[in-house]
Amino acid sequence: GLRSDWYVLVSTGDNGVPYALSGIAGDLRNLSRLGHGIGLHGSAPSYLEPARLVREKALLEEALGGPVAAVRQHNLSLDGPRTWASQARAGFAVDASLGFNQVAGWRSGCSHPILDPSGSLVLLSLTAMDGVLLTQGGAETRIRAFLETARRGEGLAAFDWHGQGTDGRDYPGYLEVYER
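1. Quick look at the overall build of the protein chain
Thinking step 1. Across its full length, the protein chain carries six helices and eight strands.
Thinking step 2. For 180 residues, the compact-globule formula gives about 16 Å, and the C-alpha radius of gyration of the protein chain, at 16 Å, lands near that figure.
Thinking step 3. Within the protein chain, the fraction of its 180 residues that count as buried is 38%.
Thinking step 4. A separation of at least 24 residues holds for 64% of the contacts in the protein chain among residues at least 6 apart in sequence.
Thinking step 5. Within the structure as shown, the protein chain displays about 9500 Å² of accessible surface, and the carbon and sulfur contribution to it stands at 53%.
Thinking step 6. Each charge class in the protein chain can be summarised by its mean position, and for the 16 positive and 19 negative side chains these summaries are 3 Å apart.

Following this line, the structure appears as structure tokens:
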């Protein structure tokens, strides 16, 4: 019954995406039909390039055959209100980039979604990235503690779990922790 939001990096021909969107479009549509969210994983420069962000969103929407409401910027890169204004103009309603790359914890200071300063976007505060949790030890205990904190406060715990983590040889244990 657990559902995830899947943030998809889209190739624009110059950003080295190792897959063709057409090759995974059917899988993404199936995930969406099963109740999973599909959002855009903005490319590295897109947080500063509004036209690129619009193009990436349009390509993903074309592949999905429907709207994409959420975005997470690559490496959680943000230029604050400038990026949020670009995201809102592109038609996004949610940004899930508010987080830390090197530590675990809610960047906004709380487990509840907040609005950007203009009130145009819902900002989801990322709780932790997989690499931070899994390289610092005690991942499952820490995840359960974050989940319990969010539950007690009737909030949200959001974890950024990268797809390459399903490769057990290069990322031993990542998939198993995600599944548990």
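Following the structure, the description resumes.
2. Focus on the environment of His 36
Thinking step 1. For His 36, the position within the fold is in the loop between helix H1 (21-33) and strand E2 (37-42).
Thinking step 2. Take His 36: its relative accessible area is 16%, and that puts it in the buried class.
Thinking step 3. In this structure His 36 touches Leu 2, Arg 3, Ser 4, Trp 6 and Leu 31, once residues within four positions along its chain are discounted.
Thinking step 4. A distance of 3.0 Å separates a polar atom in the side chain of His 36 from the backbone nitrogen of Ser 4.

3. Examining the packing of helix H2 (residues 50-64) against helix H3 (residues 81-90)
Thinking step 1. Close contact between H2 and H3 brings their axes to 9 Å; oriented N to C, the two are set at 40°. Classified by the interaxial angle, the pair formed by H2 and H3 is oblique. With respect to the hand of their crossing, H2 and H3 are arranged in right-handed fashion. Here Pro 50, Leu 53, Val 54 and Lys 57 of H2 lie close against H3, whose contacting residues are Ser 86, Gln 87, Arg 89 and Ala 90.
Thinking step 2. Taken together, the residues that form the contact of H2 with H3 break down as four nonpolar, two polar and two charged.

4. Observations concerning the packing of aromatic side chains
Two aromatic rings are characterised by how far apart their centres lie and by the angle between their planes.
Thinking step 1. This structure, assessed with the given rule, holds four aromatic pairs.
Thinking step 2. Ring centres 5.3 Å apart and planes at 90° place the aromatic pair Trp 106 and Phe 146 in the edge-to-face group. Within this pair, whereas Trp 106 is found in the loop between strand E4 (94-98) and strand E5 (114-115), its partner Phe 146 is found in helix H5 (residues 139-152), the two being separated by 40 residues in sequence.
Thinking step 3. A residue is classified by how much of its surface remains accessible, and Phe 146, at 14% relative accessible area, is buried.
Thinking step 4. Taken together, the aromatic side chains of Trp 106, Phe 146 and Phe 159 make up a single cluster linked through ring pairs.

5. A few points about the environment of Ala 69
Thinking step 1. Relative to the helices and strands, Ala 69 resides in the loop between H2 and strand E3 (70-73).
Thinking step 2. Take Ala 69: its relative accessible area is 41%, and that puts it in the partly exposed class.
Thinking step 3. For Ala 69 and Lys 57, which are 12 residues apart along the polypeptide, the C-alpha to C-alpha distance reads 9.1 Å.

Conventions adopted
- Residues numbered from 1 in each chain as written.
- Predicted model: local features only at pLDDT ≥ 70, side-chain atom pairs only at ≥ 80, totals over all residues.
- Heavy atoms only, no water.
- Helix = DSSP H or I, 4+ residues; strand = E, 2+ residues; numbered from the N terminus.
- Rg over C-alpha atoms; globule rule 2.2 N^0.38 Å.
- Buried < 20%, exposed > 50% of the residue type's maximum accessible area, 1.4 Å probe, protein only.
- Contact = heavy atoms within 4.5 Å.
- Areas by Shrake-Rupley, 256 points an atom, 1.4 Å probe, with all protein chains shown as cover.
- Lys, Arg positive; Asp, Glu negative; His and termini not counted.
- Charge placed at Lys NZ, Arg CZ, Asp CG, Glu CD.
- Polar contact = N/O pair within 3.5 Å; in protein donor to acceptor, adjacent residues only side chain to side chain.
- Axes fitted to C-alpha atoms, helices over the stretch in contact; angles between N-to-C directions.
- Parallel < 35°, antiparallel > 145°, perpendicular 65-115°, else oblique.
- Left-handed = near helix turned anticlockwise from the far one by under 90°.
- Nonpolar A, V, L, I, M, F, W, Y, C, P; charged D, E, K, R; others polar.
- Phe/Tyr/Trp six-rings, centres within 6.5 Å; stacked < 30°, edge-to-face > 60°.

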